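# Results of the structural survey
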Amino acid sequence: MNDTNPPTTAAAAAAEAAERLIAEYRALPPGSDRKREIITELDANAQALPFLVSVVADAEEYDLARVESATVLRVWPPDDPDLRRRAGRALLTALREPEEDLVRQYAAMSLAPYTSDPLVAMALDSTARADQDPLVRDSARFSIKEAHRLQETGAGGP
């Protein structure tokens, strides 16, 4: 068979799916709940991780999309050390927003895979001890326990 088109690899298919969904996301109005759905569809797509990091870090983004992005980053932390560091810092940015309690709560809950970064570890410890919002404090405590569990099992990443 003389096929001029190379076979589509899984990585190429994932990249195409991510590009299509990200383009759709960007075309939506700011408060569209479809944005949250798109983030959910990008779950486990490594090609989408840089985009998810940018969503979490952007205070102007739809809150529920940021919450979903934080959740995906908790479940699927990037393997690439630089992107992993950027993801942790993006979650810290979200954690420090005084008016976004739900986003702050999910950001705190999602920081466990990023505690190898001393800045993340210090901020998480401080949040667990002294944050004014009890739900954010509890989420930070959860994340600290999860970080210890990840370290004990060797699943904590770089």
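Residues numbered from 1 in each chain as written. Predicted model: local features only at pLDDT ≥ 70, side-chain atom pairs only at ≥ 80, totals over all residues. Heavy atoms only, no water.

## Quick look at the overall build of the protein
What the protein contains, in helices and strands, is eight helices and zero strands. For the protein, the α and β elements follow one another from N to C terminus as α-α-α-α-α-α-α-α. Considered along the principal axes of its C-alpha atoms, the protein spans approximately 65 × 40 × 20 Å. In the protein, the proportion of contacts linking residues at least 24 apart, taken out of those at least 6 apart, comes to 61%. Just so you have it, the protein exposes about 8,700 Å², and 53% of that area is on carbon and sulfur atoms. (Helix = DSSP H or I, 4+ residues; strand = E, 2+ residues; numbered from the N terminus. Contact = heavy atoms within 4.5 Å. Areas by Shrake-Rupley, 256 points an atom, 1.4 Å probe, with all protein chains shown as cover.)

## Some points on the side chain of Gln-105
Looking at where Gln-105 falls in the secondary structure, it is placed in helix 6 (residues 101-109). Those residues within four positions of Gln-105 in sequence are excluded, and the remaining contacts are Leu-135, Val-136 and Ser-139.

## Some details on the pattern of salt bridges
What the rule picks out here adds up to 13 salt bridges. A salt bridge links Glu-24 to Arg-34, with the nearest nitrogen and oxygen atoms 2.8 Å apart. Note that Glu-24 is positioned in helix 1 (residues 10-27) and Arg-34 in helix 2 (residues 34-41), a separation of ten residues in sequence. For Glu-24, a relative accessible area of 29% translates into the label partly exposed. On the basis of relative accessible area, Arg-34 is assigned to the partly exposed category, the value being 21%. As a salt-bridge pair, Glu-146 and Arg-149 come within 2.5 Å of each other at their nearest N and O atoms. Here Arg-149 and Glu-146 lie together in helix 8 (residues 134-153), a separation of three residues that amounts to about one turn. (Salt bridge = Lys/Arg side-chain N within 4 Å of Asp/Glu carboxyl O. Buried < 20%, exposed > 50% of the residue type's maximum accessible area, 1.4 Å probe, protein only.)

## With respect to the packing of helix 6 against helix 8
Helix 8 packs onto helix 6 with a crossing angle of 15° between their chain directions and a minimal axis gap of 7 Å. Accordingly, the angle class assigned to the pair helix 6 and helix 8 is roughly parallel. Two packed elements cross with a definite hand, and for helix 6 against helix 8 that hand is right-handed. Facing helix 6, whose interface residues are Asp-101, Arg-104, Gln-105, Ala-108 and Met-109, helix 8 presents Leu-135, Val-136, Ser-139, Ala-140, Phe-142 and Ser-143. The residue inventory of the contact of helix 6 with helix 8, partitioned by class, reads six nonpolar, three polar and two charged. (Axes fitted to C-alpha atoms, helices over the stretch in contact; angles between N-to-C directions. Parallel < 35°, antiparallel > 145°, perpendicular 65-115°, else oblique. Left-handed = near helix turned anticlockwise from the far one by under 90°. Nonpolar A, V, L, I, M, F, W, Y, C, P; charged D, E, K, R; others polar.)

## Side note on the side chain of Glu-97
Along the chain, Glu-97 turns up in the loop between helix 5 (81-95) and helix 6. On the accessibility criterion, Glu-97 (10% relative accessible area) is buried. Those residues in contact with Glu-97, other than ones at most four positions away along the chain, are Ala-57, Ala-59, Arg-66 and Arg-104.

## Topic: the environment of Ile-38
Relative to the assigned elements, Ile-38 resides in helix 2. C-alpha separation for the pair Ile-38 and Ser-69, spaced 31 residues apart in sequence, amounts to 9.9 Å.

## Overview of the packing of aromatic side chains
Evaluated as defined, the whole model comprises one aromatic pair. For the pair Tyr-25 and Phe-51, a centre-to-centre distance of 5.0 Å together with 85° between the ring planes defines the contact as edge-to-face. Linking Tyr-25 in helix 1 with Phe-51 in helix 3 (residues 49-57), this pair joins segments that are 26 residues apart in sequence. Of the residues examined, Phe-51 reaches a relative accessible area of 7% and is grouped as buried. Lying across the ring of Tyr-114, Arg-84 places its NZ or CZ 5.7 Å from the centre. (Phe/Tyr/Trp six-rings, centres within 6.5 Å; stacked < 30°, edge-to-face > 60°. Lys NZ or Arg CZ within 6 Å of the ring centre and 35° of its normal.)

## Some words on helix 7 (residues 118-130)
Across its 13 residues, helix 7 extends 18 Å between first and last C-alpha, which sits within 8% of the 18 Å expected from 1.5 Å per residue. Lining the buried residues of helix 7 we find helix 5, helix 6 and helix 8. Taking the backbone nitrogen of Leu-119 as reference, a side-chain oxygen 2.9 Å away marks Asp-117 as the first, capping residue of helix 7. (Expected span 1.5 Å × (residues − 1). Polar contact = N/O pair within 3.5 Å; in protein donor to acceptor, adjacent residues only side chain to side chain.)

All we've got here are geometric facts, nothing functional implied.
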